[in-house]
Amino acid sequence: MPKMSLLDIVQDVLNDLDSDAVNSIDDTVESQQVAQIVKSTYFALMHIRNWKGNRQLLNLIASGDSSLPTHVTLPSNLSELSFVNYDSHREGQNRKIYTPIKYLYPDEFLRRQNGMNTESDFVDIIQDPTGVELLIRNDVPPTVWTSFDDKVIVFDSYDKLVDNTIQSSKIQAFGYVTPEWLMLDDFIPEMPEEAFTLLTEEAKSKASVKLRQQQDPKAEQEAVRQNRWLAGKQWRAHKGARSPNYGRVSGKGSRYRWNKD
């Protein structure tokens, strides 16, 4: 099935329900209801797996605040962060040197950082917005990162001879994002062409149940599927639960690769 506009899908669903024909999703109350069902079905499908078409380079926003020199905010539409590189060139070097930054679980990150000597000039004691103190090196580029709240990632260090904080322009990040939805007739959902059949059929099934007041086995099936997905994916920035051989790189530090497609 080729890609379809929202109106095309709504018309297809309404036709399957033997409902009145419409020329716009806003023509009738029922067409508006179907459009909402298509929207909810779409996002349910988006959250079942990471779709290749939703992978992109990401713009991570560094704090720019010397009191939080290594804090970086994740995009609000981020579904899953795949990797982070940082330009780690030193003072006097003109060549850009992008280095992979490895992930550490929060407890591993704290244990590592807490081993630093706070009397050293190269160790900053910063206060996270939560009020908790963190020890951060100020004389070397970052090598690892973590996230305590799944909204902001924290690097372990920065090189104050080069920059007084981590710089957004020096970050290379890649991941999966949740596409934007527009409730417009000509809006085409962002998904692979071959997935439109699934979207349309799922929407038909749900619309039949919701608009005809029948039992909802499809919704129950969807709930089970979503629960299974969410049980294994509770974080955007990293895998929530430790499990062996799931993209984890052994040895010093950890990095997580997500290969669900």
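The rules behind the values
- Residues numbered from 1 in each chain as written.
- Predicted model: local features only at pLDDT ≥ 70, side-chain atom pairs only at ≥ 80, totals over all residues.
- Heavy atoms only, no water.
- Helix = DSSP H or I, 4+ residues; strand = E, 2+ residues; numbered from the N terminus.
- Expected span 1.5 Å × (residues − 1).
- Buried < 20%, exposed > 50% of the residue type's maximum accessible area, 1.4 Å probe, protein only.
- Polar contact = N/O pair within 3.5 Å; in protein donor to acceptor, adjacent residues only side chain to side chain.
- Contact = heavy atoms within 4.5 Å.
- Salt bridge = Lys/Arg side-chain N within 4 Å of Asp/Glu carboxyl O.
- Pairing = 2+ DSSP bridges.
- Axes fitted to C-alpha atoms, helices over the stretch in contact; angles between N-to-C directions.
- Phe/Tyr/Trp six-rings, centres within 6.5 Å; stacked < 30°, edge-to-face > 60°.
- Parallel < 35°, antiparallel > 145°, perpendicular 65-115°, else oblique.
- Left-handed = near helix turned anticlockwise from the far one by under 90°.

> Sorry if this is basic, but what is going on with helix H4 (residues 196–212) here?
Along an α-helix, a turn takes 3.6 residues, which lines up residues three or four apart on a common side. For H4, built from 17 residues, the straight-helix expectation of 24 Å at 1.5 Å per residue is met to within 8% by its first-to-last C-alpha distance of 23 Å. For H4, the complete set of buried residues consists of Phe196, Leu199, Thr200, Glu202, Ala203, Lys204, Lys206, Ala207 and Val209. Positive backbone phi, approximately 55 degrees, marks Gln213, located one or two places after H4.

> In this structure, what is going on with the side chain of Ser147? I would like to understand it.
Positionally, Ser147 belongs in strand S9 (residues 144–147). At a separation of 2.9 Å, a polar atom in the side chain of Ser147 contacts the main-chain amide nitrogen of Asp150. Polar contacts involving the side chain of Ser147 include one to the main-chain carbonyl oxygen of Val152, which spans 2.8 Å. Excluding residues that lie within four positions of it along the chain, Ser147 makes contacts with Tyr103, Pro106, Val152, Ile153, Ala237 and His238.

> I would appreciate a short explanation of the pattern of salt bridges in the present structure.
Side chains that differ in charge, positive against negative, can pair when their charged atoms come close. Enumeration over the complete set of coordinates arrives at 9 salt bridges. Between Arg111 and Asp107 there is a salt bridge, and its shortest N-O distance comes to 4.0 Å. In this pair, Arg111 and Asp107 both sit in helix H3 (residues 106–113), 4 residues apart, roughly one turn of the helix. Residue Asp156 pairs with Arg112 through a salt bridge whose shortest N-O separation is 3.0 Å. With Asp156 in the loop between strand S10 (152–155) and strand S11 (171–177) and Arg112 in helix H3, the pair connects residues that are 44 residues apart, well separated along the chain. By relative accessible area, Arg112 is classed as partly exposed at 37%. Sharing partners across several salt bridges, the network here consists of Asp12, Asp16, Glu201 and Lys204.

> I tried to follow the sheet that holds strand S4 (residues 78–87) on my own but got confused; where do I start?
Across a sheet, strands are paired by hydrogen bonds formed along the backbone, either parallel or antiparallel in direction. Read from one edge of the open sheet, 4 strands run S1-S11-S4-S5, paired in antiparallel fashion. Whereas interior strands pair on both sides, the edge strands pair on one side only; in this sheet they are strand S1 (55–58) and strand S5 (98–100). On average, adjacent strands in this sheet sit at an angle of 30 degrees to one another, irrespective of strand direction. Across 3 bridges, S4 lies against S5 in antiparallel orientation. Bridge pairing links Tyr86 to Thr99 in S5.

> Is there a simple way to explain the side chain of Asp87 in this structure?
Take Asp87: it is sitting in strand S4. A relative accessible area of 2% places Asp87 in the buried class. From its side chain, Asp87 meets the backbone nitrogen of Ile97 in a polar contact 3.0 Å long. Once you skip the residues sitting within four places of it in the chain, Asp87 turns out to touch Lys96, Ile97, Tyr98 and Lys170.

> When you look at the sheet that holds S10 in this model, what are you seeing that I'm missing?
Spatially, the 5 strands line up as an open sheet ordered S2-S3-S10-S9-S6, and their pairing is mixed. Since the sheet does not close on itself, it has two edges, and those belong to strand S2 (61–62) and strand S6 (102–103), each with one partner. The pairing of S6 with S9 spans 2 bridges and is parallel. The residue bridging Tyr103 from the neighbouring strand is Trp145, located in S9. Across the face of the sheet, H3 comes into contact with S6, S9 and S10 while running at roughly 130 degrees to S9.

> Explanation requested: the packing of aromatic side chains in the structure shown.
Here a ring pair, both rings aromatic, is described through the centre-centre distance and the interplanar angle of the planes. Applying the stated criterion to the full structure yields 9 aromatic pairs. Geometrically, the ring pair formed by Tyr42 and Phe43 is edge-to-face, given 5.2 Å between the ring centres and 70 degrees between the ring planes. On the basis of relative accessibility, which here comes to 17%, the residue Phe43 falls in the buried class. Ring pairs connect the aromatic residues Tyr42, Phe43, Trp181 and Phe187, which therefore count as one cluster.

> Can you walk me through the packing of helix H1 (residues 6–16) against helix H2 (residues 29–48) in this structure?
When two helices pack together, their arrangement is given by the angle between the helix axes and by the axis-to-axis distance. Contact geometry for H1 and H2: axes closest at 9 Å, N-to-C directions at 115 degrees. For the element pair H1 / H2, the angle class is roughly perpendicular. Read as a crossing pair, H1 and H2 show a hand that is right-handed. Contact residues: Leu6, Ile9, Val10, Val13 and Leu14 in H1; Glu30, Ser31, Val34, Ala35 and Val38 in H2.

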